[in-house]
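Residues per chain, in single letters:
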Amino acid sequence: MPEGHALHRLARRQQRLLGGQRLSVSSPQGRFAHEAALLDGMVFRRAEAWGKHLIHRYDDGRRGTAATRRIVHIHLGIYGTFREEALPMPEPTGQVRMRLIGDVLGIDLRGPNACELYMPDDLDALVARLGPDPLRPDADPEIAWRAVSRSRRAIGSLLMDQRVVAGIGNIYRAEVLFRAGVDPHRPGVAVSRDEFDEMWADLLHLMPIGVRRGHIHVVRPSDDHGAPAYAPDRPRTYVYRRAGEPCRLCGTTVASEQMEGRNLFWCPNCQR
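Residues numbered from 1 in each chain as written. Predicted model: local features only at pLDDT ≥ 70, side-chain atom pairs only at ≥ 80, totals over all residues. Heavy atoms only, no water.

A. Geometry of the overall build of the protein chain. Summing up its helical and strand segments, the protein chain has 7 helices and 10 strands in all. For the protein chain, the C-alpha radius of gyration of 21 Å lies close to 19 Å, the compact-globule estimate for 272 residues. Across the protein chain, the fraction of contacts at a sequence separation of at least 24, relative to all contacts at a separation of at least 6, is 58%. In the structure as shown, the protein chain presents an accessible area of about 12,900 Å², 49% of it carried by carbon and sulfur atoms. Of note, the protein chain has its 39 positive side-chain charges centred 1 Å away from the centre of its 33 negative side-chain charges. (Helix = DSSP H or I, 4+ residues; strand = E, 2+ residues; numbered from the N terminus. Rg over C-alpha atoms; globule rule 2.2 N^0.38 Å. Contact = heavy atoms within 4.5 Å. Areas by Shrake-Rupley, 256 points an atom, 1.4 Å probe, with all protein chains shown as cover. Lys, Arg positive; Asp, Glu negative; His and termini not counted. Charge placed at Lys NZ, Arg CZ, Asp CG, Glu CD.)

Written out as structure tokens, the structure is:
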């Protein structure tokens, strides 16, 4: 599942490609057909991300009167993808949930967990369920700190909980904990405020790099040696997917186990 940086990068790209254009909207698959008919011919005003959720905003383009506005909520999940095509777009193939056609290109959405019309109250309810998103300027780390400092759940679990911090996935979880020297098994109540602040500052540093570059970058230049990335097209990491390999800093074997159904990676020596 794409982590938060990927959704913010996607929102910025779609805003750049479609913003201000009156779109043709359809649902070749048919599962979004009624909603697409309501959106068809409207102006694409804004794309934004909240954690791992993508929000599209539309209006009818009228000025000086009360404009009709609509909101689309998209959650890609594991299998959801967007594909861009130059115009004229080819006939849709496969299960295209939503097709957007602008002035010079079109975008197909396939396989999302969710693609649905939202009312403003629905968006408010979604945001209320989410923790602060480090990539948003309005993110309040105090909300996340209160959730962490009052919980006996493992910090490795808390960081993956979108109600605590929105947008963190398995890679950022593993790498931020390593860079802070924090054992993922430590209860939230045993994490100091200084340690939390260090991790939050690290997220504010690392996640925008992911947005700009289009991929996660977590290894400091001074540590960028030793084993290659775990796959040719994947980032170099300290511990993520490096189980059984030597830690880049101390040489201890990187450990791995399941935590709440997700693979967890850490260095037993560097993380206490």
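Alright, that's what it looks like, and here's the rest.
B. Representation of the sheet that holds strand β4 (residues 69-75) in the model. A sheet is described by the order of its strands in space; here 4 strands give the open sequence β2-β3-β4-β8, paired in antiparallel fashion. This sheet does not close on itself; its edge strands, each paired only once, are β2 (43-50) and β8 (114-118). Across this sheet, the average inter-strand angle for adjacent strands is 20 degrees, counted without regard to direction. The pairing of β4 with β8 spans 5 bridges and is antiparallel. Residue pairing across strands places Val72 opposite Leu117, the latter belonging to β8. Contacting β2 and β3 (53-59), helix α1 (residues 4-18) runs over the sheet at an angle of about 170 degrees to β2. Relative to the sheet, helix α3 (residues 120-129) contacts β2, β3, β4 and β8, its axis offset from that of β8 by approximately 125 degrees. (Pairing = 2+ DSSP bridges. Axes fitted to C-alpha atoms, helices over the stretch in contact; angles between N-to-C directions.)

C. Fine view of the packing of aromatic side chains. One pass over the full model with this rule turns up 5 aromatic pairs. Centroid distance Trp145 to Phe196: 5.4 Å. Interplanar angle 45 degrees. Geometry classified as tilted. Taken together, the residues Trp145 in helix α4 (residues 141-149) and Phe196 in helix α7 (residues 193-213) connect sequence positions 51 residues apart. Relative to Phe265, the ring of Tyr240 lies with its centre 5.3 Å away and its plane at 75 degrees, an arrangement referred to as edge-to-face. In this pair, Tyr240 sits in the loop between α7 and β9 (255-259) while Phe265 sits in strand β10 (residues 262-266), placing the two residues 25 residues apart along the sequence. The two residues Tyr240 and Phe265 agree in class, both being buried. Three or more aromatic residues joined by ring pairs form one cluster here, namely Trp145, Phe196 and Trp200. (Phe/Tyr/Trp six-rings, centres within 6.5 Å; stacked < 30°, edge-to-face > 60°. Buried < 20%, exposed > 50% of the residue type's maximum accessible area, 1.4 Å probe, protein only.)

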